[in-house]
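Geometric and topological summary
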Amino acid sequence: MQTQTAVSSDISRHPSNILDRRSRAEGPFGMIGTPMRFTRNSEIYGEDEAAEYLYQVVSGAVRTYKILDDGRRQIGAFYLPGDIFGFEAGETHISSAEAICETRVIVVKRSALMVRADHEKDLARQLWDATAQELRRFQEHLMLLICSAEERVVGFLHEMARRTVKNAAIELPMSRQDIADYLGLTIETVSRTFTQLEQNGAISLTTSRRVELRGAIPYLDEGIVDDVFRQRSVTHQAFGNAQQARTLLHIQITQGLTLTAGAGGDMGFVIEKSFG
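Structural notes, computed from the coordinates. The shown structure was predicted, so the numbers you read here are calculated from the model rather than taken from an experiment.

Rules behind the numbers
- Residues numbered from 1 in each chain as written.
- Predicted model: local features only at pLDDT ≥ 70, side-chain atom pairs only at ≥ 80, totals over all residues.
- Heavy atoms only, no water.
- Axes fitted to C-alpha atoms, helices over the stretch in contact; angles between N-to-C directions.
- Helix = DSSP H or I, 4+ residues; strand = E, 2+ residues; numbered from the N terminus.
- Parallel < 35°, antiparallel > 145°, perpendicular 65-115°, else oblique.
- Contact = heavy atoms within 4.5 Å.
- Nonpolar A, V, L, I, M, F, W, Y, C, P; charged D, E, K, R; others polar.
- Polar contact = N/O pair within 3.5 Å; in protein donor to acceptor, adjacent residues only side chain to side chain.
- Left-handed = near helix turned anticlockwise from the far one by under 90°.
- Pairing = 2+ DSSP bridges.

This part takes up the packing of helix H3 (residues 121-144) against helix H4 (residues 149-164). Angle between the axes and distance between the axes are the two parameters that describe a pair of packed helices. Where H3 meets H4, the axes come as close as 10 Å, and the angle between the chain directions of the two elements is 160 degrees. Between H3 and H4, the crossing angle belongs to the class labelled roughly antiparallel. Of H4, the residues touching H3 (which contributes Arg136, Arg137, Glu140 and Leu144) are Glu151, Arg152, Gly155, Phe156, Glu159, Arg162 and Arg163. Of the residues contributing to the contact of H3 with H4, the split by class is two nonpolar, one polar and eight charged.

The following block contains the structure:
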């Protein structure tokens, strides 16, 4: 809701949200979007709101989530600097998005971006790459949810290391509760698993948010998806109910460029790519 209000109104009326336009991000949104700032835990968009914009994180971090029927929160994704989010199959958002900490994003009108992508192949390719990355994270997250608690935490740490680390330490912007809600675990289980990994010498916790990976940590690499497919059978019971077990992600970026991902009993994925 903040996004629609701030972008559609005069910039001078929203000094706390709209940033200096010289503050640009690299990538497809850098020169065409509106910079905005969101404070910790503030909403960027809400579930069922019109999906009129796409977003790129400049600094900070973002979480997307749904509140389930029983009141629990399920975090669907974390977005870090450089990541693009807000892709939707339909005209409304299927989840809400919040800033985890002080966060800056670039906001672009989706319809305007699609028009430009029709004529700019480089932009279309960058959007393709962003959407393919989104699909990959979705697929890997889905696989983690049917692993053991330790495998989930280890898989999460390696995901964060792959996306953020330039040395051995990971600076986690999210809380233990966020991690628990992302992995479908309780905060007690997440905290206990971190402690066990530290006691086993797999990680070092210099602070609650700073994690150093050690050589002893079990490595879940990019082959995790294939391994889980071979070893486990995905059923409705693994996800709690049929609605959670069936997911359809259809992202149409521009003409001739479509990603379709269907997740159910067969976990089939189809990717079509054409740039004309």
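Let us now look at the side chain of Gln74. With respect to the element layout, Gln74 can be found in strand E5 (residues 73-79). One polar contact links the side chain of Gln74 to the main-chain carbonyl oxygen of Tyr182, over a distance of 3.3 Å. The contact partners of Gln74, leaving out residues within four places of it in the chain, are Thr64, Tyr65, Lys66, Leu68, His141, Asp181, Tyr182 and Gly184.

In the contact formed by H4 and helix H5 (residues 176-183), the axes pass within 11 Å of each other and the chain directions differ by 110 degrees. The orientation of H4 relative to H5 falls into the category roughly perpendicular. By crossing handedness, the relation of H4 to H5 is classed as right-handed. Counting all contacts with H4, which are made through Arg152, Val153, Phe156 and Glu159, the residues of H5 involved are Ile179, Tyr182 and Leu183. Tallied by class, residues from the contact of H4 with H5 come to five nonpolar, no polar and two charged.

Bringing the sheet that holds strand E6 (residues 84-85) into the picture now. Taken in spatial order, the four strands of this open sheet run E1-E8-E3-E6, and their pairing is antiparallel. The strands lining the two open edges of the sheet, one partner per strand, are strand E1 (34-38) and E6. Judged from the six bridges that link them, strand E3 (residues 53-59) and strand E8 (residues 103-109) form a sheet pairing that is antiparallel. Looking across to E8, one finds that Leu54 is bridged to Val108.

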